[in-house]
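Take a look at the letters that make up each chain.
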Amino acid sequence: MAFFEERFPECIRFGVTGGPRFSTTRTTAQNGFGAKQRNWQYPLQSYQAAQAVQSEADFEAVRAFFYNVYGGYDGFRFKDWSDYRVTAGKGVIITRDDGLKQLARAYTYGVRTFTRPIAKPVPGTVTLTGGGVLDYTTGIVTGGAPTAWVGEFDVPVEFAEDLMDVEVVNKSSSKGLFLSWASLQLTEIRIP
């Protein structure tokens, strides 16, 4: 797998559904008591974008993109319009297990704060507090003494399927040919 450092067509925004998905294993004993295990430290985002293809131009853009990432082979950037901006107080720097400094976004509710690593900051939008050099392809900061950041980020995703399942929905002389993509699912991938 390679990573295509281009963003999924931005014309696809309204009508996209999805968000974070955690993995939890639940078991119930015969006495009725339950046990749970959190399988992943961080969730993976998942999106359905078929309803967001609203025109023939949208369809053409997504089809060309699909061909150029070879279906589900290459990963690429996706702008999640519901969560793409980090403002003051929400951009933190975490230290990974390997000692590297990584951009992260903080989600605070009450006394709990969840930090989500950010691997695909958007070039030209990030300001680091404390200095350092940012790798826009990994979200890793080297040098300086970074303590916070603000800016925008993308989600690294791939097509969930290799099949472009197309249906001809309408053909009229005034509107031309309209095509529909039955299932246009994108799933987040982890960037090492």
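Just above sits the structure.
Just so we're clear, the structure is a prediction, and the values are computed from it rather than from any experiment.

What counts and what doesn't
- Residues numbered from 1 in each chain as written.
- Predicted model: local features only at pLDDT ≥ 70, side-chain atom pairs only at ≥ 80, totals over all residues.
- Heavy atoms only, no water.
- Buried < 20%, exposed > 50% of the residue type's maximum accessible area, 1.4 Å probe, protein only.
- Helix = DSSP H or I, 4+ residues; strand = E, 2+ residues; numbered from the N terminus.
- Contact = heavy atoms within 4.5 Å.
- Polar contact = N/O pair within 3.5 Å; in protein donor to acceptor, adjacent residues only side chain to side chain.
- Salt bridge = Lys/Arg side-chain N within 4 Å of Asp/Glu carboxyl O.
- Expected span 1.5 Å × (residues − 1).
- Phe/Tyr/Trp six-rings, centres within 6.5 Å; stacked < 30°, edge-to-face > 60°.
- Lys NZ or Arg CZ within 6 Å of the ring centre and 35° of its normal.

**Concerning unusual backbone geometry**
- At Tyr-70, a residue that is not glycine, the phi angle is positive and equals roughly 60°.
- With relative accessibility at 56%, the residue Tyr-70 sits in the exposed group.

**Section: the side chain of Gln-102**
- Note on placement: Gln-102 falls in strand 9 (residues 101-109).
- Its relative accessible area of 5% is what places Gln-102 among the buried residues.

**A closer look at the environment of Glu-10**
- For Glu-10, the location among the structural elements is in the loop between strand 1 (3-7) and strand 2 (17-21).
- Under the relative-accessibility criterion, Glu-10 is labelled partly exposed at 32%.
- For the pair Glu-10 and Phe-78, spaced 68 residues apart in sequence, the C-alpha separation works out to 8.4 Å.
- Once residues within four sequence positions are removed from consideration, Glu-10 is found in contact with Lys-79 and Trp-81.
- At a separation of 2.9 Å, a polar atom in the side chain of Glu-10 contacts the side chain of Arg-7.

**Comments concerning the pattern of salt bridges**
- What the rule picks out here adds up to 9 salt bridges.
- Glu-60 is paired through a salt bridge with Arg-63; the nearest N and O atoms lie 2.3 Å apart. Linking Glu-60 with Arg-63, this pair stays in helix 1 (residues 56-68), spanning 3 residues, or about one helical turn.
- With relative accessibility at 24%, the residue Arg-63 sits in the partly exposed group.

**A closer look at helix 1**
- The terminal C-alpha atoms of helix 1, which comprises 13 residues, lie 18 Å apart, in line with the 18 Å expected from a rise of 1.5 Å per residue.
- Positive backbone phi, at 60°, marks Tyr-70, one or two positions downstream of helix 1.

**Observations concerning the packing of aromatic side chains**
- Applying the stated rule across the entire model yields 13 aromatic pairs.
- Aromatic pair Phe-4 and Phe-65: ring centres 5.8 Å apart, planes at 50°, arrangement tilted. With Phe-4 in strand 1 and Phe-65 in helix 1, the pair connects residues that are 61 residues apart, well separated along the chain.
- Phe-4 sits in the partly exposed class, given a relative accessible area of 29%.
- We classify Phe-65 as buried; its relative accessible area is 8%.
- Taken together, a centroid distance of 5.7 Å and an interplanar angle of 65° make the contact between Trp-81 and Tyr-84 edge-to-face.
- Judged by its relative accessible area of 30%, Trp-81 falls in the partly exposed class.
- What makes Tyr-84 buried here is its relative accessible area of 13%.
- Here the aromatic cluster, defined as three or more aromatic residues joined through ring pairs, consists of Phe-4, Phe-8, Tyr-47, Phe-65, Phe-66, Phe-76, Phe-78 and Phe-159.
- One cation-aromatic arrangement involves Lys-79 over Tyr-84; the distance from NZ or CZ to the ring centre is 4.3 Å.
- Note that Lys-120 overlies the ring of Phe-3, its terminal NZ or CZ placed 3.9 Å from the centroid.

Keep in mind these numbers describe shape, not what the thing actually does.
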